[in-house]
Amino acid sequence: NGHQHILNLQRVGFIMARIFISYSRDNRFIAETIREFLQENLNLTVWIDLDGIPGGEQWEHEILRAISISHAMVVLVTSSSVESKWVAKEIELAREKRLQVFPLVLQLFQILQTELHKLKIEDIQVIDFATQSKESAYQQLTNVLTDFVQTWTQIKPLIDKLTSAPPYTHTI
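Structural notes, computed from the coordinates. (Residues numbered from 1 in each chain as written. Predicted model: local features only at pLDDT ≥ 70, side-chain atom pairs only at ≥ 80, totals over all residues. Heavy atoms only, no water.)

## Side note on the pattern of salt bridges
A side chain with one charge may pair with a side chain of the opposite charge, provided their charged atoms come close. Condition: One side-chain nitrogen of Lys or Arg within 4 Å of one carboxyl oxygen of Asp or Glu is enough to make a salt bridge. A run of H or I in DSSP counts as a helix once it spans at least four residues, and a run of E counts as a strand once it spans at least two, with each numbered from the N terminus. Buried, partly exposed and exposed residues are distinguished by accessible area as a fraction of the type maximum, computed with a 1.4 Å probe on protein chains only: under 20%, between the cut-offs, and over 50%, respectively.
Summed over the entire model, instances satisfying the criterion amount to six salt bridges. Put simply, aspartate 123 and arginine 95 hold a salt bridge, and the shortest N to O gap is 2.7 Å. A residue pair is termed long-range when its members are at least 10 positions apart, and aspartate 123 in the loop between helix H6 (112-118) and strand S5 (127-128) and arginine 95 in helix H5 (residues 85-96) qualify at 28 residues. In this structure, glutamate 115 and lysine 118 form a salt bridge, with 3.3 Å as the shortest nitrogen-oxygen distance. Residue glutamate 115 and its partner lysine 118 are both found in helix H6; the two are separated by three residues, about one turn of the helix. On the basis of relative accessible area, glutamate 115 is assigned to the buried category, the value being 15%. Classification of lysine 118 as partly exposed rests on a relative accessible area of 40%. Connected through salt bridges with shared partners, the residues Glu83, Glu115 and Lys118 form a single ionic network.

Here is the structure:
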């Protein structure tokens with residue numbers, strides 16, 4: 001299965017995909033729960049600001065750095081995160097860097113698309129933790145991240161080769 005494939009890739013020394021978790025401070029507990037799940041069950045490297053970063057430029061620098069070294073973002077979608085300017089900014093940065101974004105909807109909304117639009121992620125398929133069983137939601141998260149990691153693992157050598165190649169020069 002896909003989970004075993006990820007474990008096999010780690011055993012043979014593949015660098016694993018790094019996941020950034022974007023969340024509102026009000027959702028700190030569930031963010032930690034998701035981080036633990038991703039690390040323990042999928043063996044992913046996860047960046048999350050649980051200890052807090054001092055404000056101002058240092059915070060922005062750390063967030064930029066973390067997003068720049070990540071390969072995907074998991075966004076916890078709640079009423080708090082929808083209203084958070086920081087969550088919106090993190091998503092904007094991730095999309096600028098062309099990271100794969102995986103929204104996890106954690107609560108019921110009157111009109112979900114309206115809330116997703118506020119974060120500019122209405123075009124992305126969500127994983128619904130609000131209406132399906134916890135087991136089904138975690139299984140869906142496992143499946144999409146396993147697919148992502150398998151694809152990423154296949155294309156990473158090509159990206160490395162392209163980015164390490166000397167620039168093309170044409171002489172006349």
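Moving on from the coordinates now.
## Quick look at the environment of glutamine 100
To keep things clear, this is the line we draw: By definition in these notes, contact holds between two residues if any of their heavy atoms fall within 4.5 Å.
Mapped onto the elements of the fold, glutamine 100 is located in strand S4 (residues 100-105). In this structure glutamine 100 comes out as partly exposed when scored by relative accessible area, which is 38%. Discounting chain neighbours no more than four positions away, the residues touching glutamine 100 are His71, Ala72, Met73 and Phe148.

## Concerning the layout of surface pockets
For clarity, the threshold we go by: A cavity here means a set of 1 Å grid points, computed over protein atoms only, where a 1.4 Å probe fits but cannot escape. A pocket is an open set with protein on both sides within 12 Å along at least 5 of 7 lines, and lining residues have an atom within 4 Å of a point. Grid points are joined across faces, edges and corners, and a volume is the space filled by probe spheres set on the points. Polarity classes work like this: nonpolar for Ala, Val, Leu, Ile, Met, Phe, Trp, Tyr, Cys and Pro, charged for Asp, Glu, Lys and Arg, and polar for all others, with Gly in that last group.
Quantified by volume, the second largest pocket comes out at close to 160 Å³. Taken together, 14 residues line the second largest pocket, and the ones lying closest to its centre are Tyr23, Arg25, Trp59, Trp86 and Glu90. Sorting the residues of the lining of the second largest pocket by element identifies strand S1 (18-22), helix H3 (57-68) and H5 as the ones contributing at least two each. Its residues placed into classes, the lining of the second largest pocket shows eight nonpolar, three polar and three charged.

## Side note on H5
Convention followed: Any helix carries an expected span of 1.5 Å times its number of residues minus one. Here, the arc refers to the directions that run from the helix axis to the C-beta atoms.
Across its 12 residues, H5 extends 16 Å between first and last C-alpha, which sits within 8% of the 16 Å expected from 1.5 Å per residue. When H5 is considered as a whole, its buried residues turn out to be Val87, Glu90, Ile91, Leu93 and Ala94. Axial view of H5: buried residues confined to an arc of 160°, hence all on one face. Among the exposed residues of H5, those pointing more than 90 degrees away from its buried face are Lys85 and Glu96. Two residues or fewer after H5 comes arginine 98, characterised by a positive phi angle close to 65°.

## Considering the pairing of strand S3 (residues 72-77)
In plain terms, the rule: A pair of strands is considered paired only if DSSP assigns at least 2 bridges between the two.
Of all six residues that make up S3, six are buried, and the element is covered over most of its length. Burial along S3 is two-sided: the residues Ala72, Val74 and Leu76 and Met73, Val75 and Val77 are all buried. Sheet topology places S3 next to S4; six bridges connect them, and they run parallel. If you follow valine 74 over to S4, its bridge partner there is phenylalanine 102.

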